[in-house]
Amino acid sequence: DLLQVVIINDGSTDGTDSLIAAMAQKDARIKPVNLPPAESGHGKAFALNLGLEHCDHEFIAVYDADNNPEPDSLRTLVPYLMEDEKTAAVIGKFRTINKNTGWLTRFINIETIAFQWILQAGRYQLLRVSILPGTNYVIRKSVVQACGGWDNRAITEDSEISMRIYQAGYTIRFMPLAVTWEQEPETLAVWIRQRMRWVRGNNYVMRKFFRQMLKSRFLFTEFVYLFALYYLFLLATVLSLILFVLGGMGLITLNVPGPYFGVWVTAFILFVFEVLIALSYEEEDHPRNILYTVLMYFTYCQLWLFVVFKALIRDLRGYRVGVWDKTDRFEVALESTEEKQS
């Protein structure tokens, strides 16, 4: 009786509004919020701010529409939020529900596992720093309001409000036992548009909080991560590829001695084993995923170069940041937890 479900219908055209209305008639805890046509399509932050006005309770859980949280997710997250008033939010873990659809979703599944167990868990264990994901987290309504709500210009509203949460003196905890299953892009075009949105959104976060990031220990951690991921990685990889091509064509000669091939082999082996350790936490370190890990080093990881480079060009050319590019969804058959983990 203390649960309230606020469903924000942001201009859907697939009958969602009638389905929600029918559910709300049967259960008074369900509250539909249908955005008027003039207010639709402004992005997730805009929709969350409207939904916030209809939330009656202090603790708010955020889930994307394509998510299937496990039944105990909220019971796992909420107690950790209640332990300390300085804890603004507690985040869980997200998994790929359509991981077996094709080569792309298998790569994404490996990527998301590695990201959460290496980056999210790593920085929380070492520095007690966590950054909100877009889904499967519980946050205090009073903290969101004190921070001024979500930034409507931010297309990675989760990263943006995380910065302001730490600025306000609060913390974010990581609890990977709370799991939700979400749908990931099944075509390369959809994947590129989604990742472009992420890169440009995080570029916006870096520009907005650049000075503050250099002064705060918590924010500096995110600055180092974003700078290394989007700029240092891009520069180093592109430079190495240029040197490789020019050297192969005989146009330049490098006279600096060194075991370059041995360094590359070592880096490749470290990449594979690091990812496999992360996969082992989810019991997904089976031969097929080992093969996909090897392949993604030469394929999927290289695609990120194109995405980051294209996003950087758009930012430099002054394309508007706050435009929301909706991720296309596909029909996914719901499975049991056992089937999803297999």
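Here the structure is a predicted model, which means the values were calculated and not measured. (Residues numbered from 1 in each chain as written. Predicted model: local features only at pLDDT ≥ 70, side-chain atom pairs only at ≥ 80, totals over all residues. Heavy atoms only, no water.)

Colleague: Help me understand the overall build of the chain, please; the structure alone is not making it clear to me.
Modeller: When helices and strands are tallied, the chain shows 13 helices and seven strands. For the chain, the spread of C-alpha atoms along the principal axes amounts to about 75 × 45 × 40 Å. In the chain, once contacts between residues fewer than 6 apart in sequence are set aside, the share between residues at least 24 apart is 79%. Computed over 34 positive and 37 negative side-chain charges, the inter-centroid distance for the chain is 7 Å. (Helix = DSSP H or I, 4+ residues; strand = E, 2+ residues; numbered from the N terminus. Contact = heavy atoms within 4.5 Å. Lys, Arg positive; Asp, Glu negative; His and termini not counted. Charge placed at Lys NZ, Arg CZ, Asp CG, Glu CD.)

Colleague: Hey, could you run me through the confidence of the model for the chain in this one?
Modeller: As a note on interpretation, predicted positions should not be read in detail where pLDDT is low. Mean pLDDT over the chain: 87, with 93% of residues reaching 70 or higher. Element-level pLDDT for the chain is lowest in helix H13 (residues 337-341), with a mean of 52, against a maximum mean of 97 in strand E6 (residues 137-140). (pLDDT = per-residue confidence, 0-100.)

Colleague: I would appreciate a short explanation of the sheet that holds strand E3 (residues 59-62) in the present structure.
Modeller: Strands belonging to one sheet form pairs held by backbone hydrogen bonds; the direction of such a pair is parallel or antiparallel. Strand order in the open sheet formed by five strands is E3-E6-E5-E7-E4, and the pairing between neighbours is mixed. Looking at which strands have only one partner, the edges of the open sheet turn out to be E3 and strand E4 (67-69). Each strand of the sheet is rotated relative to its neighbour by a mean of 40°, with strand direction disregarded. Bridge analysis of strand E5 (residues 87-96) against strand E7 (residues 171-182) gives eight bridges, and the strand direction is parallel. (Pairing = 2+ DSSP bridges. Axes fitted to C-alpha atoms, helices over the stretch in contact; angles between N-to-C directions.)

Colleague: Would you mind showing me how to read unusual backbone geometry here?
Modeller: One can expect most non-glycine residues to show negative phi and most peptide bonds to be in trans. With a phi angle near 60°, Asn136 is a residue other than glycine that sits in the positive phi range. Tracing the backbone shows Asn136 in the loop between helix H4 (103-127) and E6. Of note, the phi angle at Glu283 is positive, near 55°, even though the residue is not glycine. When you line up the elements, Glu283 lands in the loop between helix H10 (260-281) and helix H11 (287-298).

Colleague: What exactly am I supposed to notice about the state of the cysteines here?
Modeller: Covalent bonding between the sulfur atoms of two cysteines is what defines a disulfide. Within this structure, the stated rule accounts for zero disulfides. Free of any disulfide, Cys55 has its nearest neighbouring cysteine sulfur in Cys147, separated by 16 Å. (Disulfide = S-S within 2.5 Å.)

Colleague: Explain the nonpolar core to me, please; I cannot follow it from the model alone.
Modeller: As a rule of thumb, nonpolar side chains are buried together in soluble globular proteins. Leu132 and Ile165 are the most contacted members of the largest nonpolar core, which has 62 residues in total. Ranked by residues supplied to this core, first place goes to H4 with eight residues. Of all hydrophobic cores here, the second largest spans six residues; its members include Leu77, Leu81, Val90 and Val138. (Core = buried A, V, L, I, M, F, W, Y, C linked by side-chain atoms within 4.5 Å. Buried < 20%, exposed > 50% of the residue type's maximum accessible area, 1.4 Å probe, protein only.)

Colleague: Can you help me understand H4 in this one?
Modeller: Given 3.6 residues to a turn, an α-helix orients residues that are three or four positions apart in the same direction. End to end, H4 covers 35 Å across 25 residues, agreeing with the expected 36 Å (1.5 Å per residue, within 8%). Along H4, the sharpest change in direction is near 30° and occurs at Ala121. Arg128 lies just past H4 and shows a positive phi near 60°. (Expected span 1.5 Å × (residues − 1). Bend = angle between axes of the 7 residues up to and from the residue.)

Colleague: Looking at this structure, I do not really get the environment of Ile139. What am I missing?
Modeller: Along the chain, Ile139 turns up in strand E6. For Ile139, a relative accessible area of 0% translates into the label buried. Setting aside anything within four residues of it in sequence, one finds Ile139 in contact with Glu58, Phe59, Ile60, Leu81, Ala88, Ala89, Leu132, Val144 and Ile165.

Colleague: I tried to follow helix H12 (residues 300-316) on my own but got confused; where do I start?
Modeller: In this model, H12 (17 residues) spans 25 Å end to end at C-alpha, consistent with the 24 Å of a helix rising 1.5 Å per residue. Among the residues of H12, those classed as buried are Tyr300, Cys301, Trp304, Leu305, Val307, Val308, Ala311 and Asp315. For H12, the elements touching its buried residues are H4, helix H7 (188-208), helix H9 (217-248), H10 and H11. In the stretch just after H12, Gly318 is the one whose phi turns positive, near 80°.

Colleague: So what exactly am I meant to see when it comes to the packing of H4 against H7 here?
Modeller: In a pair of packed helices, the angle between the axes and the distance between the axes together describe the arrangement. H7 packs onto H4 with a crossing angle of 35° between their chain directions and a minimal axis gap of 10 Å. Touching Trp103, Leu104, Ile108 and Glu111 of H4 are Leu188, Trp191 and Arg195, all from H7. Grouping the amino acids of the contact of H4 with H7 by side-chain chemistry returns five nonpolar, no polar and two charged. (Nonpolar A, V, L, I, M, F, W, Y, C, P; charged D, E, K, R; others polar.)

Colleague: Help me understand the pattern of salt bridges in this model?
Modeller: Think of it this way: side chains of opposite charge can pair up when their charged atoms draw near. Counting across every chain of the model gives 14 salt bridges. When the shortest N-O distance is used, the salt bridge between Asp315 and Arg200 registers 2.8 Å. Of the two residues, Asp315 is situated in helix H12 and Arg200 in helix H7; the sequence distance between them amounts to 115 residues. For Arg200, a relative accessible area of 8% puts it in the buried group. Counted as one network, the salt bridges with shared partners bring together Lys93, Arg95, Lys99, Glu282 and Glu284. (Salt bridge = Lys/Arg side-chain N within 4 Å of Asp/Glu carboxyl O.)

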